[in-house]
Amino acid sequence: MKGLSPELGRRAASVGGAVLATGTRALAAVRPAAKPLHPRGSVANACLYRHGLQPPLGVDFLDAVSTDEVVVRESRSVGLPGWLPDVHGLAIKVTNPDGSHGDLLFSTTGMGRLTRYALTLSRSQYGRPMTTLLPYRTVAGPVVLAARSSGGSTVEILCAVGDGDWRHVADLRLSHLEADDQSVSFDPVRHQLPGLEQYGWVRRLRAPSYVTARSSRGEDAVGATGDS
C-alpha cells in the first residue's frame, strides 16, 4: 500500500477484508461446503527443486538450494462446472528446517507489472500463470512469487521484488499420487517459510474471509488468519 499512511492502510485493509468475508459468507450460504472457496481440488505429492538465487536476495527460502518433498493441491476457486473458466488455485505445503511447515498459495493472474496483482479466469489449471497475488515482506522488499507450467508435469516457481523482473527460483515436479482432498488445509499466514513474512495489512485483508471459511466447516475460528 505504497503512498498510504499507516492509518489509511489499516482502514483500507479492514474494508477489503470485510468485502472478502461478505463474499465468502454468500458462497457458503448458497453452496454449503467444507471449503466455500476452492471447494473441490486434487491433492498429490510432489518434489520442489530449489536452485538458489544468484545473486542472493537475502531471503532464506529463496536463496537455499534444496530438494523438498511437498504436498500440493490444485483447485478451482468458485467451483464452477469444468467447461467454464474459473480462478484456479495452487497450494504447496513445504517442510521447514525446524520441522514446522510453510504454505504457499497461488491464483491465476497475469505476470505483468500490474496484472501480477489481478485475478483472472482460465479454462484449465495451468492455462494462465499464477501468482501469490499479495506480496511478502522480506529484507529485499516486497516479494511476489509466481508459478507457471513449463510443460509436462513441471511447474516453474519464480519470484520478483515489487514490479521488477521475474527470476526462476525452483521447479515443482508433480506426481499422480492423490491424497484425501478435504483432510488437507493450507494457511499461508499461520504457516510461513523462512524469510517470507506477511505484512500486517495482508493479515487484516485475509483474516475475515478465512475465519468465515473455518466457521463453515464447524472449526474453531478464534485466531484464524487464513486457510484454503
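Residues numbered from 1 in each chain as written. Predicted model: local features only at pLDDT ≥ 70, side-chain atom pairs only at ≥ 80, totals over all residues. Heavy atoms only, no water.

### Structural notes on the overall build of the protein chain
- Check the secondary structure of the protein chain and you find three helices and ten strands.
- Reading the protein chain from its N end, one meets helices and strands in the order α-β-α-β-β-β-β-β-β-β-β-β-α.
- A burial count over the protein chain gives 47% of its 228 residues as buried.
- Considering only residue pairs separated by 6 or more positions, the protein chain has 57% of its internal contacts joining residues 24 or more positions apart.
- Accessible area for the protein chain stands at about 10800 Å²; split by element, carbon and sulfur atoms hold 58% of it. (Helix = DSSP H or I, 4+ residues; strand = E, 2+ residues; numbered from the N terminus. Buried < 20%, exposed > 50% of the residue type's maximum accessible area, 1.4 Å probe, protein only. Contact = heavy atoms within 4.5 Å. Areas by Shrake-Rupley, 256 points an atom, 1.4 Å probe, with all protein chains shown as cover.)

### Digging into the environment of Leu158
- The topology assignment puts Leu158 in strand β8 (residues 154-161).
- Using a relative accessible area of 4% as the deciding quantity, one classes Leu158 as buried.
- It is 8.5 Å that separates the C-alpha atoms of Leu158 and Val144, two residues lying 14 residues apart in sequence.
- Ignoring anything within four residues of it in the chain, the contact list for Leu158 reads Met111, Val144, Leu145, Ala146, Arg148, Trp166, Arg167, His168 and Val169.

### Focus on the pattern of salt bridges
- For the coordinates displayed, the defined rule picks out seven salt bridges.
- As a salt-bridge pair, Arg76 and Asp86 come within 3.8 Å of each other at their nearest N and O atoms. Taken together, the positions of Arg76 in strand β2 (residues 66-76) and Asp86 in the loop between β2 and β3 (88-95) put the pair ten residues apart, joining distant regions of the chain. Accessibility classification places Arg76 together with Asp86 in one group, the buried group. (Salt bridge = Lys/Arg side-chain N within 4 Å of Asp/Glu carboxyl O.)

### Quick word on the packing of aromatic side chains
- Applying the stated criterion to the full structure yields one aromatic pair.
- Judged by centre distance (6.2 Å) and plane angle (25 degrees), the rings of Tyr199 and Trp201 are stacked. For the pair shown, Tyr199 and Trp201 are each scored as buried.
- The residue whose ring lies beneath Lys93 is Phe186, and the NZ or CZ to ring-centre distance is 4.6 Å. (Phe/Tyr/Trp six-rings, centres within 6.5 Å; stacked < 30°, edge-to-face > 60°. Lys NZ or Arg CZ within 6 Å of the ring centre and 35° of its normal.)

### A word on the nonpolar core
- If you look at the biggest cluster of nonpolar residues, it comprises 29 residues, and the most contacted ones within it are Leu62, Ile92 and Leu172.
- Going through the elements one at a time, β1 (41-50), α2 (60-63), β2, β3, β4 (101-108), β7 (141-149), β8 and β9 (167-178) are the ones with two or more residues in this core.
- Here this core takes four residues from β9, the largest share from any one element. (Core = buried A, V, L, I, M, F, W, Y, C linked by side-chain atoms within 4.5 Å.)

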